[in-house]
Amino acid sequence: MRIRAITALFFVLVVLGSILWSVYLFTIFFIMLSTYCLQEFYRIVADETGKPNRWVGILLGVLAFGLYAAHYLAGLSMAYLLLTAPLIAIVFIVSLYQKRAKPFADIAYTLLGVVYIVLPFVSFYTLGFTATEAYDYRLPLGFMLILWGNDTGAYLVGRYFGKHLLFERISPKKTWEGLAGGVGLALITSLVMANYFTLLPTWQWVGVALIISIFGTYGDLVESMLKRSQQVKDSGSVLPGHGGLLDRFDGLLLAAPAVLAFLKIVL
């Protein structure tokens, strides 16, 4: 528990620092983070049925995220995202030369990694530019604090009061009581955000909290389903006591696109 707590504190400080320090650090950190999570995903799914073209997929993810970020940082036209089209084609072309039994499994895993990992991080990154034209740290910060609140509430309530299993087939430790605890602490966090960060009205912060709680929980379950199907306990070992980075950001993967869609509609 001591190692877990120290790792969590260090991890939280790094993430908060990247959001608060500057838009450039925010950009570099989350491009690197998405790349590492993508590498973890490729490691998990690689088996005898399919092996993703790891380096092509990583290059595609970095290029797509980088070009997208350059639009906000330097006014680069979104048309430059079309430069990713040749890399998508290369994913298919490379499989022609590898002579594997199921090349389209390799192709599918490669492209799925970009959709499942990189696009959600791009959605989270976009939150920094959603409420205002220039970078504003308040939405990304609020998102992370609510997500952590949801995870903390679910863990504590589930550990001490959990009795009714939520999804035993996928995650035997998750309970309905834990889900309620997560939603409750996420809502409390959103009300605090509404008090200090008035760029969104209270009802929108509450909506963000509900979306994060629901989709964040499903994101956790989906990643558990992935690991269980591949018979893997953790996505990695980079965080002592916590596993891999993908384990720590699984809730973001489904929640960030949903929150972005919600805010794009209501703002």
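Preceding this paragraph is the structure being described.
Residues numbered from 1 in each chain as written. Predicted model: local features only at pLDDT ≥ 70, side-chain atom pairs only at ≥ 80, totals over all residues. Heavy atoms only, no water.

Novice: Tell me what's going on with the overall build of the protein chain, and back it up with residues and numbers.
Specialist: Within the protein chain, the secondary structure is distributed over 10 helices and 2 strands. Secondary structure elements in the protein chain, listed N-terminal to C-terminal, are α-α-α-α-α-α-β-β-α-α-α-α. Over its C-alpha atoms the protein chain spans a radius of gyration of 19 Å, differing by no more than 12% from the 18 Å that the globule rule assigns to 267 residues. Structurally, the protein chain occupies a C-alpha span of about 55 × 45 × 35 Å along its principal axes. Of all 267 residues assigned to the protein chain, the portion counted as buried reaches 48%. Counting contacts in the protein chain only where the partners sit at least 6 residues apart, residues at least 24 apart contribute 69% of the total. Carbon and sulfur atoms provide 69% of the accessible area of the protein chain, an area that totals close to 13,600 Å². (Helix = DSSP H or I, 4+ residues; strand = E, 2+ residues; numbered from the N terminus. Rg over C-alpha atoms; globule rule 2.2 N^0.38 Å. Buried < 20%, exposed > 50% of the residue type's maximum accessible area, 1.4 Å probe, protein only. Contact = heavy atoms within 4.5 Å. Areas by Shrake-Rupley, 256 points an atom, 1.4 Å probe, with all protein chains shown as cover.)

Novice: So, a nonpolar patch on the surface: which residues are in play, and what are the values?
Specialist: Where nonpolar side chains cluster on the molecular surface, the patch consists of I90, I93, L96 and Y97 and spans about 460 Å² of accessible area. For I93, the location among the structural elements is in helix α4 (residues 84–98). (Patch = residues over 30% accessible without salt bridge, like charges linked within 9 Å, V, L, I, M, F, W, Y side chains within 5 Å. Salt bridge = Lys/Arg side-chain N within 4 Å of Asp/Glu carboxyl O.)

Novice: Let's hear about the packing of helix α6 (residues 138–161) against helix α7 (residues 176–196): which residues, and what values?
Specialist: Close contact between α6 and α7 brings their axes to 6 Å; oriented N to C, the two are set at 145 degrees. For the crossing formed where α6 meets α7, the hand is right-handed. Between α6 and α7, the contacting residues are G142, L145, I146, G149, N150, T152, G153, A154, V157, G158 and F161 on the first element and E177, G178, G181, G182, V183, L185, A186, T189, S190 and M193 on the second. In terms of residue class, the contact of α6 with α7 is built from 9 nonpolar, 11 polar and 1 charged. (Axes fitted to C-alpha atoms, helices over the stretch in contact; angles between N-to-C directions. Left-handed = near helix turned anticlockwise from the far one by under 90°. Nonpolar A, V, L, I, M, F, W, Y, C, P; charged D, E, K, R; others polar.)

Novice: Report on the packing of aromatic side chains, specifying residues and quantitative values.
Specialist: Evaluated as defined, the whole model comprises 21 aromatic pairs. Seen in terms of ring centroids, F30 and F121 are 6.4 Å apart; in terms of plane orientation they differ by 45 degrees. Their pairing is tilted. Note that F30 is positioned in helix α2 (residues 23–45) and F121 in helix α5 (residues 103–127), a separation of 91 residues in sequence. The two residues F30 and F121 agree in class, both being buried. Measuring from ring centre to ring centre gives 4.4 Å for Y72 and F129, while their planes differ by 20 degrees; the resulting arrangement is stacked. Residue Y72 is located in helix α3 (residues 54–74), and its partner F129 is located in the loop between α5 and α6; the two are separated by 57 residues in the primary sequence. Accessibility expressed as a relative area gives 9% for F129, which makes it buried. (Phe/Tyr/Trp six-rings, centres within 6.5 Å; stacked < 30°, edge-to-face > 60°.)

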